Amino acid sequence: SAVISQKPSRDICQRGTSLTIQCQVDSQVTMMFWYRQQPGQSLTLIATANQGSEATYESGFVIDKFPISRPNLTFSTLTVSNMSPEDSSIYLCSVDTGTSRPYEQYFGPGTRLTVT
Amino acid sequence: AQSVTQPDIHITVSEGASLELRCNYSYGATPYLFWYVQSPGQGLQLLLKYFSGDTLVQGIKGFEAEFKRSQSSFNLRKPSVHWSDAAEYFCAITGGGNKLTFGTGTQLKVEL
C-alpha cells in the first residue's frame, strides 16, 4: 500500500484564477493518476503522470486546462487553470503499487474545489 | 469499451441487517474488479479486489464479494452492517492496465 497526501484539502477560488494541487506519496511509484469527481458523480480519469515524460490525457481533458508536473517518483501537481464554476469538483490523485499487473490503486484524500 | 453499472443509487438498511450492493460490468473478457468505499470528506479506500481464482473474495471491514462470470456481476456483501459502514461505495474495473473505470456509486445509509 501507499500513504498519499494532498494539499490543499479544500479551497474556494474565483473564476478566472488557477489552483495548483499537490500530491505526495510516501514511497517511489512509477505512475500517478489524477481524477475528477464532480458533485454527485463518479470518478473520471483526467490524466496519467509518469516521471520524466509528458502526462497522458484522457479524452475531454487538455494540457492547457490541466497542466501536470511530475518532477520525481514521489510527487506530482495538477493545476486547474482559468477556472469556471463547472470546475467545482473533488480532485483526487492515486498511485498504483505492486510488483506485477494488475496493480492496485490507492487514492489520496482529495482536494475539494469550489469556484465562485 | 468497458463500463460499470451500479443500479442502486441509494440503499438504506438497518444496523445489523445484511447488505448486498450490486455491480454489473461490460467488458470483452474477464476484467479485474475492485470495490472502493468513500466516507464523507475522505478519499477512496480499497475494500477488496478480484483478479483470478476463487470467485468469492474477502476484503477488509467484513466485506466480501462474489464474481459471477455468467452474470457479469461482482456484488458486494456484508452479513451484518454497522452504523460506521454508511458511505458511498464504488465498483471499478480494469482490463489489466492502469485505467480504472468506475461505476456511479451507491450511497449507503444505515438506520440505527
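Here we summarise the structure given alongside this text. (Residues numbered from 1 in each chain as written. Chains lettered and ligands numbered in written order. Predicted model: local features only at pLDDT ≥ 70, side-chain atom pairs only at ≥ 80, totals over all residues. Heavy atoms only, no water.)

Details of the state of the cysteines
For the structure shown, the criterion picks out two disulfides over all chains. Between the sulfur atoms of Cys 23 of chain A and its disulfide mate Cys 93 of chain A the distance is 1.9 Å. On the S-S bond that ties Cys 23 of chain A to Cys 93 of chain A, the torsion sits near 70 degrees, and the link is right-handed. You can see Cys 23 of chain A sitting in strand E3 (residues 19-25) and its partner Cys 93 of chain A sitting in strand E9 (residues 89-97), a full 70 residues away along the chain. The residues Cys 23 of chain A and Cys 93 of chain A share a single accessibility class, namely buried. A sulfur-sulfur distance of 2.0 Å marks the disulfide that ties Cys 23 of chain B to Cys 91 of chain B. Taking the torsion about the S-S bond as the criterion, the Cys 23 of chain B to Cys 91 of chain B disulfide, at about -65 degrees, is left-handed. Placement of Cys 23 of chain B in the loop between strand E3 (19-21) and strand E4 (24-26) and of Cys 91 of chain B in strand E10 (residues 87-94) is noted, with a sequence separation of 68 residues between them. Across this residue pair, the class does not change: Cys 23 of chain B and Cys 91 of chain B are buried. Not part of a disulfide, Cys 13 of chain A finds its nearest cysteine sulfur in Cys 93 of chain A, a span of 17 Å. (Disulfide = S-S within 2.5 Å. Helix = DSSP H or I, 4+ residues; strand = E, 2+ residues; numbered from the N terminus. Buried < 20%, exposed > 50% of the residue type's maximum accessible area, 1.4 Å probe, protein only.)

Brief notes about the sheet that holds E3 of chain A
All names here are of chain A. Across the sheet, which stays open at both edges, the four strands sit in the order E1-E3-E8-E7 with antiparallel pairing between neighbours. With partners counted over all chains shown, the strands left at the sheet margins are strand E1 (4-7) and strand E7 (68-72), one partner each. The average undirected angle you get between the axes of adjacent strands in this sheet is 15 degrees. With three bridges joining them, E7 and strand E8 (residues 75-80) adopt antiparallel strand pairing. Bridge pairing in E8 links Asn 72 to Phe 75. (Pairing = 2+ DSSP bridges. Axes fitted to C-alpha atoms, helices over the stretch in contact; angles between N-to-C directions.)

Comments concerning the environment of Met 31 of chain A
Among the secondary structure elements, Met 31 of chain A is positioned in strand E4 (residues 31-37). Residues Met 31 of chain A and Leu 92 of chain A, 61 residues apart in the sequence, show an inter-C-alpha distance of 14 Å.

As for the interface of chain B and chain A
Contacts between chain B and chain A engage 20 residues on the former and 20 residues on the latter. Taken together, both faces of the contact between chain B and chain A bury some 1600 Å²; the carbon and sulfur share is 55%. It is Leu 44, Asn 98 and Phe 102 of chain B that lose the most area in chain B upon contact with chain A, and together they represent 33% of the buried surface on that side. The interface formed by chain B and chain A contains two salt bridges. Lys 49 of chain B is the salt-bridge partner of Glu 104 of chain A, the closest N and O atoms lying 2.5 Å from each other. Between chain B and chain A we count five residue pairs in polar contact (both at pLDDT 80 or more) in total. Elements with a contribution of two residues or more to the side of chain B that touches chain A: strand E5 (32-38) and strand E6 (44-50) of chain B. The greatest single-element share of the side of chain B that touches chain A, amounting to four residues, is contributed by E5 of chain B. Considered class by class, the residues forming the side of chain B that touches chain A number nine nonpolar, nine polar and two charged. (Contact = heavy atoms within 4.5 Å. Buried area = accessible area lost by both parts, 1.4 Å probe. Salt bridge = Lys/Arg side-chain N within 4 Å of Asp/Glu carboxyl O. Polar contact = N/O pair within 3.5 Å; in protein donor to acceptor, adjacent residues only side chain to side chain. Nonpolar A, V, L, I, M, F, W, Y, C, P; charged D, E, K, R; others polar.)

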